[in-house]
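Chain residues, written in single-letter form:
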Amino acid sequence: MSSDQMHPSAGRPLSAGAVALMLMLCLSWGFNQIAVKLVLPEVPPMLQALIRSAGALPVLLIIGWWRGVRFFARDGTLWPGLAAGIIFGIEFVLIYRGLLLTSASRAVVFLYTAPFFVALGSYSFLGERLRASQWGGLGLSFAGVALAIGVPQANVDADVLLGDLLIVAGGALWAATTLIVKATTLIRAPAEKGLGYQVAISIPILAFAAWVSGERLTQMPGPLSLSLLAYQAFWVVGLTFLLWFALIKTYSASKLSSFTFFTPLFGVVASYLILNDTLTITFGVAALLVIAGLYLVNRPEVSGPKVVPDPNVPA
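Thresholds applied
- For every chain, the first residue of the written sequence is number 1, and numbering continues from 1 along that sequence.
- Restriction of local features to residues with pLDDT of at least 70 applies here, the model being predicted, together with a cutoff of 80 or more for giving and counting side-chain atom pairs; totals for whole chains, interfaces and linings are based on all residues.
- Based on all heavy atoms of the structure, the side-chain values leave hydrogens and waters out of the count.
- A run of H or I in DSSP becomes a helix once it reaches four residues, and a run of E becomes a strand once it reaches two; helices and strands are each numbered from the N terminus.
- For each residue, the accessible area found with a 1.4 Å probe, counting protein chains only, is set against the maximum for its type, and the residue is called buried under 20%, exposed over 50%, and partly exposed in between.
- Here, two residues are considered to be in contact whenever any of their heavy atoms come within 4.5 Å of each other.
- Per-residue and other accessible areas follow the Shrake-Rupley method at a 1.4 Å probe size, with only the shown protein chains counted as cover for residues.
- In this analysis, rings of Phe, Tyr and Trp, with Trp reduced to its six-membered ring, are considered paired at centre separations within 6.5 Å, and the interplanar angle assigns stacked below 30 degrees, edge-to-face beyond 60, and tilted for intermediate values.
- Here the expected span of a helix is defined as 1.5 Å times the quantity of residues minus one.
- For the purposes of this section, nonpolar cores are sets of buried Ala, Val, Leu, Ile, Met, Phe, Trp, Tyr and Cys residues that join through side-chain atoms within 4.5 Å.
- To count toward a patch, a residue needs a relative accessible area over 30% and no salt bridge; like charges are then connected within 9 Å, while nonpolar side chains (Val, Leu, Ile, Met, Phe, Trp, Tyr) are connected within 5 Å.
- Any carboxyl oxygen of Asp or Glu that lies within 4 Å of a side-chain nitrogen of Lys or Arg is treated as forming a salt bridge with it.
- The quantity called pLDDT is the predictor's confidence in a given residue, expressed from 0 to 100.
- Whenever two N or O atoms come within 3.5 Å, that pair is a polar contact, provided that in protein one can donate a hydrogen and the other can accept it, and provided that, for residues adjacent in sequence, both atoms are side-chain atoms.
- Fitting a line to C-alpha atoms yields each axis, with helices limited to the stretch in contact; the angle taken between N-to-C directions then spans 0 to 180 degrees.
- Working rule for angles: under 35 degrees goes down as roughly parallel, over 145 as roughly antiparallel, 65 to 115 as roughly perpendicular, anything else as oblique.
- In this scheme the crossing of two helices becomes right-handed for a clockwise turn of the near helix relative to the far one and left-handed for an anticlockwise turn of less than a right angle.
- When residues are grouped by polarity, Ala, Val, Leu, Ile, Met, Phe, Trp, Tyr, Cys and Pro land in nonpolar, Asp, Glu, Lys and Arg in charged, and all others, Gly among them, in polar.

(A) Spotlight on the overall build of the chain. On a plain count of helices and strands, the chain comes out with 13 helices and 0 strands. Order of helices (α) and strands (β) in the chain, N terminus to C terminus: α-α-α-α-α-α-α-α-α-α-α-α-α. Sorting the 315 residues of the chain into buried and exposed places 49% on the buried side. Counting only contacts in the chain whose residues sit at least 6 apart along the sequence, the fraction spanning at least 24 positions is 91%. If you sum the accessible surface of the chain, you get close to 15600 Å²; carbon and sulfur atoms cover 70% of it.

Next comes the structure, spelled out in structure tokens:
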């Protein structure tokens, strides 16, 4: 059996609905970065991640119950589900630990190396064959993100570089969960069950990380922080991650992942609207680079004219 038969979604082009959903997800995730920043003065990062997972799990269970999902049915997903859950939990430990060492702007850029890892893994394990123009598109999009955030930056010491490395490792683990879903029995599981593994298993991992880090709440968070925590838990993890999980089961992993380059750009816009950051011409150029890169990644392959052999000419 060919790799394309094993992974029928490998070459499936993105529908208009899938593109619209991805843009909505990226917008939500871009604002999520602002939400995390606004809550940090009252809730430390590991505890934020823990509260997010703990709040999202009931949402997944309720949606799954409503849709008739059998969460505890034996369907061969236990081991890949456990693996995805462990990776999901460690991913956020690395990302939040990295944020303590490096700047948020550098972290955003290095986190979005994930599409490169997805593309490489899709090429190696899922039968997705990226053309040179598609690799070039990924490069253009990443260059646009880097330009929008403003790297490279001066005065980078060893601690910052370590933080960068942790963020890159987090991006690689994000890609790994995507590939596990595509390459294992999780591809046949309901989205609620697949994401449920990740969220449920991440809870003890994040709780342990918060305990080791000595994090604790010194006071009851205010109404704004509570509303933003609810946004992270119920909307971002409970619903948008669920939609992402459903999409990667259906469409090309590398093409979907390339759209996540929009997330930090939306984050910059959210910073402008909410935190009064300044938008510049550089941002416009960066956006054009991202859009051009996405066009190259998602452009249908143009096949040459089919040559019909002349039966009168010997082979």
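Having seen it, we continue.
(B) Molecular detail of the packing of aromatic side chains. By the definition in use, this model includes 8 aromatic pairs. With a centroid separation of 6.3 Å and an interplanar angle of 90 degrees, the aromatic rings of Phe 88 and Phe 241 are classed as edge-to-face. In this pair, Phe 88 sits in helix H4 (residues 78-101) while Phe 241 sits in helix H10 (residues 223-250), placing the two residues 153 residues apart along the sequence. For the pair Phe 88 and Phe 241, one class covers both residues: buried. Taken together through their ring pairs, the aromatic side chains of Trp 29, Phe 88, Phe 92, Tyr 96, Phe 241 and Trp 244 make up a single cluster.

(C) Quick peek at helix H3 (residues 45-66). Compared with the 32 Å implied by 1.5 Å per residue over 22 residues, the 32 Å span of H3 between its first and last C-alpha is a close match. Note on H3: the residue one or two positions beyond its end, Gly 68, has a positive phi of about 75 degrees.

(D) Structural view of the nonpolar core. Core analysis: the biggest nonpolar cluster contains 71 residues, and Met 22, Phe 241, Trp 244 and Leu 256 have the highest contact counts within it. For this core, the leading source of residues is H10, giving 11 residues. Not counting the four nearest positions on each side in its chain, Leu 256 is found in contact with Leu 14, Met 22, Trp 244, Leu 247, Ile 248 and Tyr 251.

(E) A look at helix H12 (residues 262-275). Taking 1.5 Å as the rise per residue, H12 with 14 residues should run 20 Å; its terminal C-alpha atoms sit 19 Å apart, in good agreement. Within the sequence span of H12, burial applies to Phe 262, Thr 263, Pro 264, Leu 265, Gly 267, Val 268, Ala 270 and Ser 271. A positive phi of about 60 degrees marks Asn 276, the residue just after H12.

(F) Representation of the side chain of Lys 193. Following the sequence through the fold, Lys 193 ends up in helix H9 (residues 191-212). By relative accessible area, Lys 193 is classed as buried at 2%.

(G) Summary view of a nonpolar patch on the surface. Together, Leu 120, Tyr 123 and Trp 135 give the surface a local cluster of nonpolar side chains, amounting to about 290 Å² of exposed area. One can find Tyr 123 in helix H6 (residues 114-126).

(H) View of the pattern of salt bridges. Per the counting criterion, the structure on display carries 2 salt bridges. A salt bridge links Lys 193 to Asp 75, with the nearest nitrogen and oxygen atoms 3.0 Å apart. Of this pair, Lys 193 sits in helix H9 while Asp 75 sits in the loop between H3 and H4, placing them 118 residues apart in sequence. Judged by its relative accessible area of 33%, Asp 75 falls in the partly exposed class.

(I) Here's a closer look at the confidence of the model for the chain. For the chain, per-residue confidence averages 81 on the pLDDT scale, and 86% of positions sit at 70 or higher. Highest mean pLDDT in the chain belongs to H9 (94); lowest belongs to helix H1 (residues 3-6) (41). Between residues 1-11, whose pLDDT stays under 50, and residues either more than four places distant or in other chains, the model counts 17 contacts.

(J) Inspection of the side chain of Thr 77 at higher detail. Inspection of the secondary structure assignment puts Thr 77 in the loop between H3 and H4. Polar side-chain contacts of Thr 77 include one of 2.6 Å to the side chain of Asp 75.

(K) Fine view of the packing of H4 against helix H8 (residues 158-183). Packing of H4 against H8 leaves a shortest axis separation of 8 Å and a crossing angle of 160 degrees. With respect to H8, the element H4 is oriented roughly antiparallel. The handedness of the crossing between H4 and H8 comes out as left-handed. In terms of residue class, the contact of H4 with H8 is built from 19 nonpolar, 4 polar and 3 charged.

(L) Layout of the packing of H4 against H9. Where H4 contacts H9, the axes come no closer than 7 Å and their chain directions differ by 40 degrees. The orientation of H4 relative to H9 falls into the category oblique. Seen along the crossing, H4 lies across H9 with a hand that is right-handed. Where H4 abuts H9, its residues Leu 78, Gly 81, Leu 82, Ala 84, Gly 85, Ile 86, Phe 88, Gly 89, Ile 90, Phe 92 and Val 93 lie against Tyr 197, Gln 198, Val 199, Ile 201, Ser 202, Ile 205, Leu 206 and Ala 209. Of the residues assigned to the contact of H4 with H9, the class counts are 14 nonpolar, 5 polar and no charged.

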